[in-house]
Amino acid sequence: MHVIVLGCGGAGAGLARALSAQGNDVVVVDDVIDQKRLGNEFDGIAIAGSPTDEDVLRKAGIDETQALVAATADDHTNVMAAQVAREVFHVARVLTWISDPDREEFYRGLGLETVCPIATAVDQILGTLGQGGRRGNGACSS
Amino acid sequence: MFILIVGGGRIGFYLAKTLRQSDHRVGLVERDGGRCRTLAEDLGVTVIHGDGTDIETLREAGAGDAKYIVALTGRDEENLVVCQLAKSYFKAPLTIARVNNPKNQALFKMLGVDATVSSTALAAQMIENALPLNGMRIFSIFQEGEVEIAESELTANSPVVGRAVSQIRLPEECVLIALVHHGKMTFPRGPTILNSGDRIFALVRRQSLDALERVLLGEGK
């Protein structure tokens, strides 16, 4: 599968490495590419450029990609890039990493497919404590 | 009317100041604490110190009562988030975003922002307007951009000099709207005679600009 990963920080680079190790065609895009973070095992393509810029995304192959994960360290960048991918390029599967739980809920309401590590962690902790999940979206079983 | 501005940089500051002078209620959200104090002291408006892309901060700043919400931070990504929260969460009737990259103007409209302002595009436009290209200056004042105001100065060689407005065959989608004769602005009517040195303003559809130029300034220009 061809996947574009936006972000070359902890989340983005880690995800790109894992997807690459599983045999996917991965393209990483970020303002600055951290080769060390990507590691020697990574055999995809890394492009330095703004993740919200349509021309940069075109260069990353967004017209043909099957999936895009917006996972930069900046929620706003992720939210905007994900909407560009969906509305302009009609990418089949778009996942958006959003750190702020309130904003995540809002954008999920607007139809984005979101991942919120904090909300997931809180759910998981509540589940472990036998308190039930904060929201019943299957992020974890309680 | 309450207007909420997110981003207290130079544009935010002058907008708040101008709106205050026309007796509107203005609120400002600014992330930098020092800048907040300056804004509050200089403007006498309520300034909320915080992140304008944060729902709680927006609520505290009165986003729920705002008629207009204007996002003026230096980052397009943040301005988009502010406007989307304003529109869909706080139901603001009108949202306006500053875009730094002119390419984002069309995108923002597509994503539900009501209006965009690009200072980059505006500056480029104003500089272009100041340059008399091909003997005509063009003022693109209508957002749709299909219709322009064109200004041209008549020279002694102009084919229309010495003739009355009614004798000129203008392109179809074009109206002469003003004439400056010896520094005095007049309204051109049928009998008005055009003179060398007159500056003439026309409202014209963009496709007819070339045709208008040929009529007023001649083929050789």
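All residue numbers refer to positions counted from 1 along the written sequence of the respective chain. Here chains are named by letter from A upward and ligands by number from 1 upward, in the order in which they appear as written. At least 70 in pLDDT is required for a residue's local features to be given in this predicted model, at least 80 for side-chain atom pairs to be given and counted, and no such filter applies to totals for whole chains, interfaces and linings, which use all residues.

Visitor: Could you give an account of the overall build of chain A, naming the residues involved and the relevant values?
Guide: Secondary structure follows DSSP: runs of H or I at least 4 residues long count as helices, runs of E at least 2 residues long count as strands, and numbering of each begins at the N terminus. When you go through chain A residue by residue, the secondary structure sums to six helices and six strands. Helices and strands appear in chain A in the N-to-C order β-α-β-α-β-α-β-α-β-α-β-α. In this scheme every C-beta is placed from the backbone, and a residue whose C-beta has 20 or more other C-beta atoms within 10 Å is buried, one with 12 or fewer is exposed, and one in between is partly exposed. Taking all 142 residues of chain A together, 38% fall into the buried category. Across chain A, the fraction of contacts at a sequence separation of at least 24, relative to all contacts at a separation of at least 6, is 41%. Note on contacts: residues are paired as contacts if their backbone-placed C-beta atoms lie within 7 Å.

Visitor: So, the overall build of chain B: which residues are in play, and what are the values?
Guide: What chain B contains, in helices and strands, is seven helices and eleven strands. The C-alpha atoms of chain B give a radius of gyration of 23 Å, which is well past the 17 Å a tight globule of 221 residues would have. On the principal axes, the C-alpha backbone points of chain B span a range of 65 × 35 × 25 Å. Out of the 221 residues belonging to chain B, those deemed buried represent 33%. The reference for a compact globule is 2.2 Å times residues^0.38; the radius of gyration itself is calculated from the C-alpha atoms.

Visitor: Help me get a handle on the interface of chain B and chain A, residues and values and all.
Guide: Of the residues lining the interface, 14 residues belong to chain B; the matching set on chain A comes to 15 residues. Those elements that place two or more of their residues in the side of chain B that touches chain A are α4 (76-89) and α5 (104-110) of chain B. Looking at the side of chain B that touches chain A residue by residue, the class counts come to eight nonpolar, two polar and four charged. Polar here means any residue outside two lists: the nonpolar Ala, Val, Leu, Ile, Met, Phe, Trp, Tyr, Cys and Pro, and the charged Asp, Glu, Lys and Arg; Gly therefore counts as polar.

Visitor: Provide a residue-level description of the nonpolar core, including the pertinent values.
Guide: Looking at soluble globular proteins, one finds that nonpolar side chains tend to be buried together. In these notes, a nonpolar core means any group of buried Ala, Val, Leu, Ile, Met, Phe, Trp, Tyr and Cys residues linked to one another through C-beta atoms within 7 Å. Counting residues in each nonpolar core, the largest one holds 70 residues, and the members touching the most others are I4, V5, L6 and L68 of chain A together with I5 and I69 of chain B. Setting aside anything within four residues of it in sequence, one finds I4 of chain A in contact with V27, V29, A60, G61, I62, T65 and L68 of chain A. Counting residues in each nonpolar core, the second largest holds 14 residues, with I138, L154, A202 and L216 of chain B among its members.

Visitor: I'd like a description of the sheet that holds strand β1 (residues 2-6) of chain A, backed by residues and values.
Guide: All names here are of chain A. Here six strands make up an open sheet; going across it, the order is β3-β2-β1-β4-β5-β6 and the pairing parallel. In this open sheet, the two strands that pair with only one neighbour each are β3 (45-48) and β6 (113-115). Adjacent strand axes in the sheet meet at a mean angle of 20° when their direction is disregarded. Strand pairing is assigned whenever DSSP identifies at least 2 bridges connecting the two strands. Only the contacting stretch of a helix is used when fitting its axis, a line to C-alpha atoms as for every element, and angles between N-to-C directions run 0 to 180 degrees.

Visitor: Residues and numbers for the sheet that holds strand β10 (residues 184-186) of chain B, please.
Guide: Residues and elements named next belong to chain B. Pairing is antiparallel in the open sheet, where five strands are placed in the order β7-β8-β11-β9-β10. The sheet is open, and its two edges are formed by β7 (136-139) and β10, each paired on a single side. Recorded for the sheet is a direction-independent mean angle of 25° between the axes of neighbouring strands. Bridge analysis of strand β8 (residues 147-153) against strand β11 (residues 199-205) gives seven bridges, and the strand direction is antiparallel.

Visitor: Now, about unusual backbone geometry: what can you tell me, with residues and values included?
Guide: Residues and elements named next belong to chain B. With a phi angle near 55°, K91 is a residue other than glycine that sits in the positive phi range. Looking at the secondary structure, you find K91 in the loop between α4 and β5 (94-98). Classification of K91 as exposed rests on a count of 10 C-beta atoms within 10 Å. The phi torsion at H182 lies on the positive side, around 50°, for a residue other than glycine.

Visitor: Give a detailed account of the packing of helix α4 (residues 75-88) of chain A against α4 of chain B, specifying residues and quantitative values.
Guide: Look at α4 of chain A against α4 of chain B: their axes get within 8 Å of each other, and the N-to-C directions meet at 75°. When the axes of α4 of chain A and α4 of chain B are compared, the pair comes out roughly perpendicular. Contacts between α4 of chain A and α4 of chain B involve H76, T77, V79 and M80 of chain A from the first element and E77, E78, L80 and V81 of chain B from the second. Partitioning the contact of α4 of chain A with α4 of chain B into residue classes produces four nonpolar, two polar and two charged. Here is the rule for angles: anything less than 35 degrees is roughly parallel, anything more than 145 is roughly antiparallel, 65 through 115 is roughly perpendicular, and the remaining ranges are oblique.

Visitor: Can you break down helix α7 (residues 209-217) of chain B residue by residue, with the values?
Guide: Residue and element names in this part refer to chain B. All buried positions along α7 are accounted for by L212, E213, L216 and L217. For α7, the angular spread of buried residues about the axis comes to 100°, placing them on one side. Just downstream of α7 lies G218, where phi reads positive at about 90°. Within this analysis, the arc is defined by the directions that extend from the helix axis to the C-beta atoms.

Visitor: Just give me the short version of the pairing of strand β4 (residues 67-70) of chain A, but keep the residues and values in it.
Guide: All names here are of chain A. Where β1 meets β4, four bridges bridge the pair, whose relative direction is parallel. Of the residues in β4, the one forming a bridge with V3 is A67. Bridge count for β4 against strand β5 (residues 93-97) is four bridges, and the pairing is parallel. Across the sheet, residue A70 finds its bridge partner in β5, namely T96. When the strands point away from the viewer and the connection leading from the first strand across the helix to the second strand turns clockwise, the crossover is called right-handed. The handedness of the β4 to β5 crossover, carried by α4, is right-handed.

Visitor: So what about the domain arrangement of chain B? Which residues, and what values?
Guide: Where each domain starts and ends comes from a domain assignment, either automatic or drawn from a database. What the domain assignment lists for chain B is domain 1 (2-122) and domain 2 (132-217). Measuring from the centre of the C-alpha atoms in domain 1 of chain B to the corresponding centre in domain 2 of chain B gives 40 Å.

Visitor: I'd like to hear about the environment of G33 of chain B, residue by residue, with values.
Guide: All names here are of chain B. Along the chain, the position of G33 falls in helix α2 (residues 33-43). Its 9 C-beta neighbours within 10 Å are what place G33 among the exposed residues. Expressed as a C-alpha distance, the spacing of G33 and V47, which sit 14 residues apart in the sequence, is 10.0 Å.

Visitor: Talk me through the environment of Q167 of chain B; I want residue IDs and the actual numbers.
Guide: Along the chain, Q167 of chain B falls in the loop between β8 and β9 (174-181). Residues Q167 of chain B and T192 of chain B lie 25 residues apart in sequence; the distance between their C-alpha atoms is 9.9 Å.

Visitor: Kindly report on the confidence of the model for chain B, identifying the contributing residues and their values.
Guide: For chain B, mean pLDDT is 90; residues scoring 70 or higher make up 96% of the total. Scored as a whole, the predicted complex attains pTM 0.77, and scored at its interfaces, ipTM 0.85. pLDDT measures how confident the predictor is about each residue, on a scale from 0 to 100.

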